[in-house]
Amino acid sequence: MIKEKDYSIHEVDDQTSNARLLTCMLRDHYRVREAYGGAEALQIANSDDKPALILLDVMMPDIDGFEVCRRLKTQDETKDIIVIFVTTLNESAAEEIGLNLGAVDYLTKPVRMPIVRARVRNHMNLRKQADMLEALSYIDGLTHVYNRRRFDAALLAEWQRGRRLSRPLAIVMIDFDHFKALNDHYGHGTGDTCLQQGATTLAASLRRPTDLLARYGGEEFVALLPDTDLSGACAMAETMRQAVKALRLRHEYSSTASHVTVSLGVAAMVPTAACAARNLLQLADRALNQAKFEGRDRIGVARLDDAIDMS
């Protein structure tokens, strides 16, 4: 469940006393961070810990609030940050400029504590509702793990992050062996139960909040592992393989084993400008096909020359 404390507020004012006043008004319900200029505000907004809402002064010596808002709203990474102007400029023309730039509200100083709290609360509630609806759109209806739409978005974001920080990114593709035979002989209800229990087990194998498991399609799943090299990804794949075997789900019509097994394909690389995120996914898919070709219930590993061929 999303809570108010999960959202942070960025208070931007070149006058320290003004920033501290707003912090005192809101810190009981939100995480509040202060900045004292436009340049600092933009730096924080573009960090990994970007705020949900910015209370933004207009008159600042380095970059004024209007320009800060304009830059925020023209960047994909920051355009969804809520902006509320809090300023001494009380002319209607200035308010019109601020709202046209994409701010959702415009408060003039001196501010009243109940009004600030109410405006912030209302806009935060709208954000929470939108976030909850978006979160539901990212969940697979059958297995309750993430769906392919969520994976595609996460892959692109982690690829860009890995490229920026020169950190490795790994993918594990997972396929339930002989799943058609299981559906044909036991029925689709049993097949659904297999996918549900299997997905729960695969997700439980992931150790970090940044790791992500998604249903890629049908009986195929994919794990996204940021900051993970090939060795670490292979270890995770083996943990997943063993975890599914330990379920001992009956599958007498499998030519691999008398119970449900999975085949896995592993690939990892440090993202670069010479490659695209889809290349890493293709490498993992090739490795998965190799695992199935070699007999299933095993891990296939992408070769270095496969990556070179794609560059």
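Description of the structure in this document.

**Some remarks on helix α3 (residues 65–73)**
Among the residues of α3, those classed as buried are Gly65, Phe66, Val68, Cys69 and Leu72. An end-on view of α3 places all buried positions within 160° of arc, on one side of the element. Where α3 begins, the capping side chain belongs to Asp64, and its oxygen is found 2.9 Å from the backbone nitrogen of Phe66.

**Digging into the packing of aromatic side chains**
One pass over the structure, following the stated rule, counts 5 aromatic pairs. Here the aromatic rings of Phe66 and Phe85 are separated by 5.3 Å at their centres, their planes lie at 75°, and the arrangement is edge-to-face. With a gap of 19 residues between them, Phe66 in helix α3 and Phe85 in strand β4 (residues 82–87) connect regions that are remote in the sequence. Here the two residues Phe66 and Phe85 agree in accessibility, since each one is buried. Between Phe151 and Tyr216, the ring centres sit 5.9 Å apart and the planes meet at 85°, which makes this aromatic pair edge-to-face. One end of the pair, Phe151, is in helix α6 (residues 148–165); the other, Tyr216, is in strand β7 (residues 212–217), and 65 residues separate them in sequence. Neither Phe151 nor Tyr216 differs from the other in exposure class; each is buried.

**Examining the side chain of Thr78**
Among the secondary structure elements, Thr78 is positioned in the loop between α3 and β4. Thr78 gets classed as buried once you look at its relative accessible area, which sits at 0%. Polar side-chain contacts of Thr78 include one of 2.7 Å to the backbone oxygen of Leu72. In contact with Thr78, other than residues within four places in its own chain, are Ala45, Asn46, Lys50, Arg71 and Leu72.

**A few points about the nonpolar core**
Grouped together as the largest cluster of nonpolar side chains are 26 residues, with contacts concentrated most on Val172, Ile174, Phe176, Phe221 and Met240. Listed by contribution, the elements that provide at least two residues to this core are β6 (169–176), α7 (179–186), α8 (188–205), β8 (220–226), α9 (230–246) and β9 (262–269). The element contributing the most residues to this core is α9, with 5 residues. Setting aside residues up to four positions removed in sequence, Phe176 forms contacts with Cys194, Leu195, Gly198, Leu202, Glu219, Phe221, Val244, Val260, Thr261 and Val262. Counting residues in hydrophobic clusters, the runner-up holds 23 residues, among them Leu169, Ile171, Val222 and Ala302.

**Focus: the sheet that holds strand β1 (residues 8–12)**
The sheet built from 5 strands is open, its strands ordered β2-β1-β3-β4-β5 with parallel pairing. Each edge of the sheet is formed by a strand with only one pairing partner; in this case those strands are β2 (31–35) and β5 (105–108). Looking at each pair of strands side by side, their axes are set apart by 20° on average, direction ignored. Its contacts with the sheet place α3 against β3 (53–56) and β4, and it is angled at close to 175° to β4. Contacts between helix α5 (residues 113–137) and the sheet are confined to β1, β3, β4 and β5, with β5 contributing the most and set at about 170° to the helix.

**Concerning the sheet that holds β9**
Across a sheet, paired strands are connected by hydrogen bonds in the backbone, their directions being either parallel or antiparallel. One open sheet holds the 5 strands; their spatial order is β7-β8-β6-β9-β10, and the pairing between them is mixed. A strand with exactly one partner marks an edge of an open sheet, and here the two such strands are β7 and β10 (299–301). Between one strand axis and the next, the sheet turns through 20° on average, direction left out of account. Here β6 runs beside β9; their pairing, made up of 8 bridges, is antiparallel. Bridged to Ile174 within β9 is Leu264.

**Quick look at the environment of Lys79**
By the element assignment, Lys79 lies in the loop between α3 and β4. With a relative accessible area of 40%, Lys79 lands in the partly exposed category. Taking C-alpha positions, Lys79 is 10.0 Å from Ala45, a pair spaced 34 residues apart along the chain. In this view, Lys79 contacts Leu72 and Lys73; residues no more than four positions away in its chain are not counted.

**Considering unusual backbone geometry**
The amide bond that connects Lys109 to the next residue, Pro110, takes the cis arrangement and shows omega of 0°. The backbone of His178 sits at a positive phi, close to 50°, despite the residue not being glycine. Counting through the fold element by element, His178 comes out in the loop between β6 and α7. Phi at Asp297 is positive, roughly 50°, even though this residue is not glycine. With respect to the secondary-structure elements, Asp297 resides in the loop between α10 (277–293) and β10.

**Topic: the side chain of Asn147**
Relative to the helices and strands, Asn147 is located in the loop between α5 and α6. Reaching out from Asn147, the side chain makes a polar contact with the backbone nitrogen of Arg150 at a distance of 3.0 Å. In this structure, Asn147 is in contact with Ser137, Tyr138, Ile139, Asp140, Ala214 and Arg215, ignoring residues within four places of it in sequence.

Reading guide: rules and limits
Every chain's residues receive numbers from 1 upward, in the order its sequence appears when written. Residues qualify for local features only when their pLDDT is at least 70, as the model is predicted, and side-chain atom pairs are given and counted only at 80 or more; totals for whole chains, interfaces and linings, by contrast, use all residues. For the side-chain quantities, the full set of heavy atoms in the structure was used; hydrogens and water were omitted. Three labels apply to residues, based on accessible area from a 1.4 Å probe with only protein chains included: buried if under 20% of the type maximum, exposed if over 50%, partly exposed otherwise in between. Every helix listed is a DSSP run of H or I at least four residues long, and every strand listed is a run of E at least two residues long, numbered separately from the N terminus. In this description, one arc is meant: the one made by directions from the helix axis to the C-beta atoms. By the criterion applied in these results, polar contacts are pairs of N or O atoms within 3.5 Å in which, for protein atoms, one can donate a hydrogen and the other can accept it, and in which residues neighboring in sequence qualify only through two side-chain atoms. Centres within 6.5 Å make a pair out of two Phe, Tyr or Trp rings, where for Trp the six-membered ring is used; the pair is then stacked when the planes are under 30 degrees apart, edge-to-face when over 60, and tilted otherwise. Every residue pair with non-hydrogen atoms within 4.5 Å of one another is taken to be in contact. Take the buried residues of types Ala, Val, Leu, Ile, Met, Phe, Trp, Tyr and Cys, join any two whose side-chain atoms come within 4.5 Å, and each joined set is a nonpolar core. Paired strands, as defined in this entry, are two strands with at least two bridges between them according to DSSP. An axis is simply a line fitted to the C-alpha atoms; with a helix, the fit covers only the stretch in contact. Between two such axes, the angle follows the N-to-C directions and lies from 0 to 180 degrees.

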